[in-house]
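Read off the chains here:
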Amino acid sequence: MQKYFMRWIALLIFLGNFCYGVPEVEFKNSCVPLENFSNFQKEVLLKSYLAGEKDGFGYTLAAIAWKESCAGVYKMNFQDPSAGNYHAYIPGVINRYPQLKQNGFTQNLVGAMLVEDDNFAAEIAISELKYWQKTHNGDWKKIIKSYNKGYSWEKNTQADIQAENYYRDVAQKVRQLQDYFQSTAFKKVALEFPKKIYQESLGQKQLSNDNPQADLKRKEVQEKILYSKNPQKEESFLLLPIYQVGTEFAAPMDKKPTIIKEFDLIEVY
């Protein structure tokens with residue numbers, strides 16, 4: 001009788017595991033070293049550099065992508081909430097556009113846009129950097145600290161410590177990237193990059209037909225964000241072409257002046 005009972009217990013345990021078991025998932029919470037970056041991550045660094053270079057934030061934006069999302073690997077932070085390669089603070093992005101309501105739907109939609117559209121995420125990050133550049137009269141250290149903590153680091157000791165650590169890490173990453181962009185492994189990816197972008201441009205995703213009403217609402221909000229005038233900064237958020245698609249590809253192999261070279265960062269060594 002006891003043997004029969006134990007068989008039933010074993011069967012129930014097996015069925016319980018079968019019905020309620022969760023799939024095995026490999027959870028990661030760290031970024032691999034730069035030299036182990038995948039081609040995808042290298043492309044994120046390259047796109048970030050090209051997006052920011054025209055405003056003097058080439059290496060800066062690439063370093064922020066590395067710092068915030070491990071170059072596109074971890075694009076969501078539900079605690080903030082923030083999203084995208086550069087982890088833009090979602091409520092802050094919505095606040096730029098008075099015509100958008102601050103609600104769950106809009107936050108989810110903007111978060112999805114930041115994750116799906118790297119160009120949009122880059123434009124938001126550059127706009128933020130340019131705002132702090134103007135606010136701090138071009139002081140790169142203060143720009144980076146404010147990108148991380150806004151104005152709070154100027155008033156709060158703990159926030160200042162966190163912002164200082166953030167700045168030191170980003171500055172160190174900039175230095176590493178300046179050397180890394182000259183490496184053979186990175187140049188190989190960079191030389192193939194224009195061809196890939198051109199191929200992707202031929203097959204742009206269209207709105208699906210699964211839920212026409214949701215797609216129309218999504219398109220409406222996208223147009224408000226991408227083509228509206230920002231009254232606070234008087235800057236258009238039209239997405240500009242930032243890629244060189246041709247037979248030659250010079251940047252970033254030829255180093256160009258970037259804002260970081262104008263400041264003394266000796267303290268981070």
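Cut-offs and rules
Residues numbered from 1 in each chain as written. Predicted model: local features only at pLDDT ≥ 70, side-chain atom pairs only at ≥ 80, totals over all residues. Heavy atoms only, no water. Helix = DSSP H or I, 4+ residues; strand = E, 2+ residues; numbered from the N terminus. Buried < 20%, exposed > 50% of the residue type's maximum accessible area, 1.4 Å probe, protein only. Contact = heavy atoms within 4.5 Å. Axes fitted to C-alpha atoms, helices over the stretch in contact; angles between N-to-C directions. Parallel < 35°, antiparallel > 145°, perpendicular 65-115°, else oblique. Nonpolar A, V, L, I, M, F, W, Y, C, P; charged D, E, K, R; others polar. Disulfide = S-S within 2.5 Å. Expected span 1.5 Å × (residues − 1). Polar contact = N/O pair within 3.5 Å; in protein donor to acceptor, adjacent residues only side chain to side chain. Salt bridge = Lys/Arg side-chain N within 4 Å of Asp/Glu carboxyl O. Core = buried A, V, L, I, M, F, W, Y, C linked by side-chain atoms within 4.5 Å.

Draft legend 1. View of the environment of Leu177. Mapped onto the elements, Leu177 comes out in helix H8 (residues 157-180). For Leu177, a relative accessible area of 0% gives the class buried. Measuring from C-alpha to C-alpha, the distance between Leu177 and Tyr59 comes to 7.0 Å, with 118 residues separating the pair along the chain.

Draft legend 2. Structural context of the environment of Ala83. The residue Ala83 is located in strand S2 (residues 82-83) in this model. Given the relative accessible area of 1%, Ala83 is considered buried. Considered as a pair, Ala83 and Ala121 are 38 residues apart in the sequence and their alpha carbons are 8.4 Å apart. If we skip the residues at most four places from it in the chain, Ala83 touches Lys75, Met76, Ala88, Ile90, Gly111, Leu114 and Val115.

Draft legend 3. Representation of the packing of helix H5 (residues 104-116) against helix H6 (residues 118-135). With their axes 5 Å apart at the nearest point, H5 and H6 run at an angle of 105° to one another. It follows that H5 is roughly perpendicular to H6 by the angle criterion. Packed against H5, whose contacting residues are Met113, Leu114, Val115 and Glu116, the element H6 presents Asp118, Phe120, Ala121 and Ile124 at the interface. Taken together, the residues of the contact of H5 with H6 sort by class into six nonpolar, no polar and two charged.

Draft legend 4. Region of the structure containing the state of the cysteines. A full pass over the atoms with the stated rule returns one disulfide. The side chain of Cys31 participates in a disulfide bridge whose partner is Cys70; the two sulfur atoms lie 1.9 Å from each other. Its S-S torsion of approximately 75° makes the covalent link between Cys31 and Cys70 right-handed. On the criterion of sequence distance, the pair formed by Cys31 in the loop between helix H1 (2-20) and helix H2 (39-53) and Cys70 in the loop between helix H3 (58-69) and strand S1 (76-77) is long-range, its members being 39 residues apart. With a relative accessible area of 5%, Cys70 lands in the buried category.

Draft legend 5. Structural detail: H5. With 13 residues, H5 should cover 18 Å at 1.5 Å per step; its first-to-last C-alpha distance of 18 Å lies within 8% of that length. Along H5, the residues that are buried comprise Thr106, Leu109, Val110, Gly111, Met113 and Leu114. Between a side-chain oxygen at the N-terminus of H5 and the backbone nitrogen of Phe105 the separation is 3.2 Å; the capping residue is Asn103.

Draft legend 6. Seen up close, H2. With 15 residues, H2 should cover 21 Å at 1.5 Å per step; its first-to-last C-alpha distance of 21 Å lies within 8% of that length. Counting buried positions along H2 yields 12 of 15 residues, so the element is predominantly enclosed. Of the positions making up H2, those classed as buried are Gln41, Lys42, Glu43, Val44, Leu45, Leu46, Lys47, Ser48, Tyr49, Leu50, Ala51 and Gly52.

Draft legend 7. Expanded view of the pattern of salt bridges. Across all of its chains, the model carries nine salt bridges by this definition. A salt bridge links Asp118 to Lys47, with the shortest nitrogen-to-oxygen separation between them at 3.1 Å. Linking Asp118 in helix H6 with Lys47 in helix H2, this pair joins segments that are 71 residues apart in sequence. The same class applies to Asp118 as to Lys47, namely buried. Where salt bridges share partners, they join Lys141, Lys145, Asp160, Glu164 and Arg168 into one cluster.

Draft legend 8. Molecular detail of the nonpolar core. Counting 52 residues, the largest nonpolar core has Leu45, Tyr86, Leu114, Leu177 and Phe181 as the members making the most contacts within it. Within the residue set of this core, elements represented by two or more residues are H2, H3, helix H4 (90-95), H5, H6, helix H7 (140-149), H8 and helix H9 (184-202). No other element matches H6, which puts eight residues into this core. Look past the residues within four positions of Leu114 in its chain and what remains in contact with it is Ala83, Gly84, Ala88, Ile90, Val93, Phe120, Ala121 and Ile124.

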